[in-house]
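# Structural description and commentary
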There are 2 protein chains.
Amino acid sequence: MTPEFDLIETYFTMPAQKALLGVGDDCALIGLAAGNELAISTDTLVSGVHFFADADPFKLGRKALAVNLSDLAAMGAAPRFVTLAITLPSIDPAWLSAFSRGFFELAEQAGIELIGGDTTRGPLSMTLTVLGEVPTGDALRRDRAQDGDDIWVSGSVGGAALGLKYLQGTVTLKPGVAERALERLHAPVPRNKIGEKLRGVANAAIDISDGLVADLAHICQRSQLAAAIEWALIPISPALLSVGPDVRMACALAGGDDYELCFTAHERMREAIAVIASEAGVPLTRIGRMRSGAANVSVLDERGNELNTAIAGFDHFSV
Amino acid sequence: MTPEFDLIETYFTMPAQKALLGVGDDCALIGLAAGNELAISTDTLVSGVHFFADADPFKLGRKALAVNLSDLAAMGAAPRFVTLAITLPSIDPAWLSAFSRGFFELAEQAGIELIGGDTTRGPLSMTLTVLGEVPTGDALRRDRAQDGDDIWVSGSVGGAALGLKYLQGTVTLKPGVAERALERLHAPVPRNKIGEKLRGVANAAIDISDGLVADLAHICQRSQLAAAIEWALIPISPALLSVGPDVRMACALAGGDDYELCFTAHERMREAIAVIASEAGVPLTRIGRMRSGAANVSVLDERGNELNTAIAGFDHFSV
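Residues numbered from 1 in each chain as written. Chains lettered and ligands numbered in written order. Predicted model: local features only at pLDDT ≥ 70, side-chain atom pairs only at ≥ 80, totals over all residues.

Screw-axis analysis of chain A against chain B gives a translation of 0.0 Å along the axis, an RMSD of 0.0 Å, and a rotation angle of 180 degrees. In the structure described here, the two chain copies are related by an operation that fits a two-fold rotation axis. When you check the interface residues of chain A against chain B, 100% turn up at the interface there too, and the contact is symmetric in its surfaces. (Least-squares fit on C-alpha atoms with pLDDT ≥ 70 in both. Contact = placed C-beta atoms within 7 Å.)

The following block contains the structure:
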């Protein structure tokens, strides 16, 4: 690491708070409260793949953390610590300052502490590793869905995918609608408070990063169950009301990047879930049911017939 | 992530052993034995910066893990878990297979378990996060060196830097010597067993990734002490005997990538350290002493005069 790159660390150093030892040694040191487990997840964002090279650095710093926090939310783990490895083509103080402000703004909101990382020279990318705490045995795993469970989704889906289509020029949107869709794409809100409250309530959970159907299919595969969801019940992003049915369905069912939670729970939990939604100020919507059968996802129309989802731009839901 | 990239996971999935939940969910889950702390470190390797684009993938997989294990060694932490985020320009099964064989060969030797990661498309790079366990309070921190401590170094230094100079074409070497130097560069051996045995013996430690003087200077800075080391005592790599004094000194004092340990210990620990060296089959060499004074490193000749280290290719040892 060149001295020039040492300078960067000034943007990414904070004094240790909950950590026993933070940035500045060979390793950080942390403890773990008795009776808890540690949940760990890693995600990389690459320029030109996960974001545009000219992306707003403030929003990018926030989003890089948000997509990682979302994995902790999907596990019901409380955010604790994060490492940030960032690779930069050159030193741009304005860019770095904005990126770190976005990162730390969300870190503070989420109560997560930066404990280490690495700064290297190369094509722009960043890899974060987040660590969260969850009481032993309470984690929301993908493999614990039960036959008959309700299927739920938080917030709304499809908005981020619409924003991406807009940026790619494959749809045209009115300014107000475009703004909403781009907000969903660039500033996802991880559902950590909801995830933590779902401990002991939900049986299985995942965050929607690849698309509602693809991610629900992961629960199916790991739990060895089928899922049937009703198209009419899916809380589509309001921005999708302004586009035709094909784009709407493609975005809502196969659009990634929403970072909402999809979870399953016994029907006796409906009231508890309504309370969680009310406390969080975020809709939690029941969209279908898990059932025995081959591990795949069916999308049903209002008459209970399987929808021809080929028009949605993907032709296999099986996993 | 495209289905094509899902395939990659076949190269990087192993069943959970010590982890409570391994690859395949939103997060991995781990526990921590009572009375222990968790040490965490992250390092990125970028193609064209930390390794050549045509580097042998088997050795690269091994080295990517080795440099991260070295951080745990420098902390005295026992290797436990690792995440691997790898960014690839394309899918090359032969490359991936060799990389994963190198990675897992060392993982098995070190007793560290892959619990998660991410595979993305983009310019070749990899970011690893390693987690190790250390009894509470026993970690070898940089900020705990004491006035009067002996300064020690494991193995030999400068060989990796000589290998790099050879590849860059700035030195010519006989084939046997070149081979030894390249081995040091491409296949560093992390000193985890030694690191763990130094708990309760060493006061401070660091691994030599940036060069002996630069890394010892980190101990000086964090411990607020000076260091004086004797040039004649430094265990230089045997490969350096075949080059002139300027290159020899530059490689031994300022050459990175050796991944040896530099540590400080009270003089009453000399016998214990000799035993550790003997058990590990790796020399541990006493090269100088910590003393009160400004946080910098002096290199002394056999008469105790400060060496003119400007010839070594760096002109400031202060930090």
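Turning to the interface of chain A and chain B, a few remarks are in order. Interface size is commonly expressed as the accessible area that is lost once the parts come together. Residue-level contacts link 50 residues of chain A with 50 residues of chain B. At the level of secondary structure, the elements contributing two or more residues to the side of chain A that touches chain B comprise β1 (28–30), β2 (36–46), α2 (57–75), β3 (78–88), β4 (113–121), β5 (125–135) and β7 (204–207) of chain A. Looking at which element gives the most residues to the side of chain A that touches chain B, the answer is β2 of chain A, with nine residues. Looking at the side of chain A that touches chain B residue by residue, the class counts come to 23 nonpolar, 15 polar and 12 charged. Pairing of β2 of chain A with strand β1 (residues 28–30) of chain B involves three bridges; the strand directions are antiparallel. Residue pairing across strands places Ile-40 of chain A opposite Ala-28 of chain B, the latter belonging to β1 of chain B. (Helix = DSSP H or I, 4+ residues; strand = E, 2+ residues; numbered from the N terminus. Nonpolar A, V, L, I, M, F, W, Y, C, P; charged D, E, K, R; others polar. Pairing = 2+ DSSP bridges.)

Given 3.6 residues per turn, any residue in an α-helix points the same way as the ones three and four places further on. Residue and element names in this part refer to chain B. An ideal rise of 1.5 Å per residue puts 16 Å on 12 residues; helix α7 (residues 212–223) measures up with 17 Å between its terminal C-alpha atoms. Burial within α7 is extensive, with 10 of its 12 residues counted as buried. Buried within α7 we find Leu-212, Val-213, Ala-214, Asp-215, Leu-216, Ala-217, His-218, Ile-219, Cys-220 and Ser-223. Positive phi appears at Gln-224, one or two residues downstream of α7, with a value of about 55 degrees. (Expected span 1.5 Å × (residues − 1). Buried ≥ 20, exposed ≤ 12 C-beta atoms within 10 Å, placed from the backbone.)

With that out of the way, let us pick up the packing of α7 of chain B against helix α8 (residues 245–254) of chain B. Residue and element names in this part refer to chain B. Taken N-terminus to C-terminus, the directions of α7 and α8 make an angle of 30 degrees; their axes are 5 Å apart at the nearest point. It follows from the interaxial angle that α7 and α8 lie roughly parallel. Across the interface between the two elements, Leu-212, Val-213 and Ala-214 of α7 pack against Ala-252, Leu-253 and Ala-254 of α8. Of the residues contributing to the contact of α7 with α8, the split by class is six nonpolar, no polar and no charged. (Axes fitted to C-alpha atoms, helices over the stretch in contact; angles between N-to-C directions. Parallel < 35°, antiparallel > 145°, perpendicular 65-115°, else oblique.)

All names here are of chain A. Ordered by their spatial adjacency, six strands build an open sheet running β7-β9-β6-β10-β8-β11, and the pairing between neighbours is mixed. Edge positions in the sheet fall to β7 and β11 (297–300), since each has one partner strand and no second. Across the sheet, the axes of successive neighbouring strands diverge by a mean angle of 25 degrees, strand direction being ignored. Pairing between β7 and strand β9 (residues 261–265): four bridges, direction antiparallel. Along β9, the bridge assignment pairs Ile-206 with Cys-262.

Residues and elements named next belong to chain A. Packing of α2 against helix α3 (residues 93–110) brings their axes to within 6 Å, and their N-to-C directions diverge by 40 degrees. Judged by the twist between their axes, the crossing of α2 over α3 is right-handed. Between α2 and α3, the residues in contact are Pro-57, Phe-58, Lys-59, Leu-60, Gly-61, Arg-62, Ala-64, Leu-65, Ala-66 and Leu-69 and Trp-95, Ala-98, Phe-99, Ser-100, Arg-101, Gly-102, Phe-103, Glu-105, Leu-106, Ala-107 and Ala-110, respectively. (Left-handed = near helix turned anticlockwise from the far one by under 90°.)

Let us look at the pairing of β11 of chain A. Residue and element names in this part refer to chain A. Here β11 shows a buried face lined by Val-297 and Val-299 and an unburied face lined by Ser-298 and Leu-300. One ladder, built from four bridges, connects strand β8 (residues 226–230) with β11; its direction is parallel. When the sheet's bridge partners are listed, Ala-228 is paired in β11 with Ser-298.

As a further point, take the domain arrangement of chain A. Residue and element names in this part refer to chain A. Domain annotation of chain A identifies domain 1 (35–135) and domain 2 (142–312). Computed over C-alpha atoms, the centres of domain 1 and domain 2 are 24 Å apart. Counting residues at the interface gives 15 residues for domain 1, matched by 17 residues for domain 2. Put simply, the parts of the chain that give the side of domain 1 that touches domain 2 at least two residues each are α2 and β3. Top contributing element to the side of domain 1 that touches domain 2 by residue count: α2, with 11 residues. Among the residues making up the side of domain 1 that touches domain 2, the classes are represented as nine nonpolar, two polar and four charged. (Domains from an automatic or database assignment.)

In this section: unusual backbone geometry. Its identity as a non-glycine residue notwithstanding, Tyr-259 of chain A has a phi of 55 degrees, on the positive side. If you trace the backbone, Tyr-259 of chain A turns up in the loop between α8 (245–254) and β9.

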